[in-house]
Amino acid sequence: KQEVTQIPAALSVPEGENLVLNCSFTDSAIYNLQWFRQDPGKGLTSLLLIQSSQREQTSGRLNASLDKSSGRSTLYIAASQPGDSATYLCAVRRSQAGTALIFGKGTTLSVSS
Amino acid sequence: DTGVSQNPRHKITKRGQNVTFRCDPISEHNRLYWYRQTLGQGPEFLTYFQNEAQLEKSRLLSDRFSAERPKGSFSTLEIQRTEQGDSAMYLCASSPGQGVWAGELFFGEGSRLTVL
């Protein structure tokens, strides 16, 4: 059974700091991995999608990496801003494109000004 | 707005009542998913449609839960005889089946259910 773990559960940093969020998964046979952002009481916003054949994806100040063999992904946020404060969720899809995402519990990030 | 739309956004009901949530996916997305999220947890998969066919159901989807997508467009999730444990955010997501974005899920704002 696929399990997704995110560490740390919460993180507080001052504005401007670079930071890394970690995601690990137990079964390396994944189709893709997706990072989401969730603001309190809101739905999920897709940040980055990494296909199983890719090693990393970048969007603006965000960079996500994927190491399937070790069952790990990281989300790197450069020059953090107070507007980055949110919960960040990692999710993996099993081997077929149509099947469900399995989510971690998320890392709640607080960036102080 | 061409994103995933969910209604109602909030629903408060008494235990034992039935509730129904609606999800309108992004047009031309043939895949639609329902998830449930409780406080401090990641979303948990409930069910998945490809067009009008319900292809996968989680064990979390008890017989009090039913989902439909009759014409392969919008979907409804009905909960019968609600229990306090059903209180959660119900999230809908859609995904294209083909193309460069295949497999990427786009979520709606969710429908929050409170059962008193």
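Scroll up a little and you will see the structure.
Residues numbered from 1 in each chain as written. Chains lettered and ligands numbered in written order. Predicted model: local features only at pLDDT ≥ 70, side-chain atom pairs only at ≥ 80, totals over all residues. Heavy atoms only, no water.

Chemist: Let's hear about the overall build of chain B: which residues, and what values?
Modeler: When you go through chain B residue by residue, the secondary structure sums to zero helices and eleven strands. When the helices and strands of chain B are listed from N to C terminus, the series reads β-β-β-β-β-β-β-β-β-β-β. Here the C-alpha radius of gyration of chain B, 14 Å, is about what a compact globule of 116 residues would show, namely 13 Å. Its C-alpha atoms give chain B principal-axis dimensions of roughly 45 × 25 × 25 Å. Counting every position in chain B, which comprises 116 residues, the buried fraction comes to 47%. The contacts in chain B between residues at least 6 apart in sequence include a share of 52% that link residues at least 24 apart. Of the accessible surface of chain B, which amounts to about 6,000 Å², a share of 45% is contributed by carbon and sulfur atoms. (Helix = DSSP H or I, 4+ residues; strand = E, 2+ residues; numbered from the N terminus. Rg over C-alpha atoms; globule rule 2.2 N^0.38 Å. Buried < 20%, exposed > 50% of the residue type's maximum accessible area, 1.4 Å probe, protein only. Contact = heavy atoms within 4.5 Å. Areas by Shrake-Rupley, 256 points an atom, 1.4 Å probe, with all protein chains shown as cover.)

Chemist: Any details on the pattern of salt bridges? Residues and values, ideally.
Modeler: Following the criterion strictly, the structure yields five salt bridges over all chains and no others. Among the ionic pairs, Asp84(A) bridges to Arg61(A), the shortest N-O distance being 2.8 Å. Taken together, the residues span a long stretch of sequence, with Asp84(A) in the loop between strand 8 (72-77) and strand 9 (86-93) and Arg61(A) in the loop between strand 6 (56-59) and strand 7 (62-67) at a distance of 23 residues. Of the residues examined, Asp84(A) reaches a relative accessible area of 8% and is grouped as buried. Classification of Arg61(A) by relative accessible area gives partly exposed; the value is 28%. With a closest N to O distance of 2.8 Å, Arg64(B) and Asp86(B) form a salt bridge. With Arg64(B) in the loop between strand 6 (53-57) and strand 7 (65-68) and Asp86(B) in the loop between strand 8 (75-79) and strand 9 (88-95), this residue pair connects regions lying 22 residues apart in the sequence. It is possible to trace a salt-bridge network through shared partners that takes in Arg64(B), Glu83(B) and Asp86(B). (Salt bridge = Lys/Arg side-chain N within 4 Å of Asp/Glu carboxyl O.)

Functional significance is not addressed by these values, which are geometric in nature.
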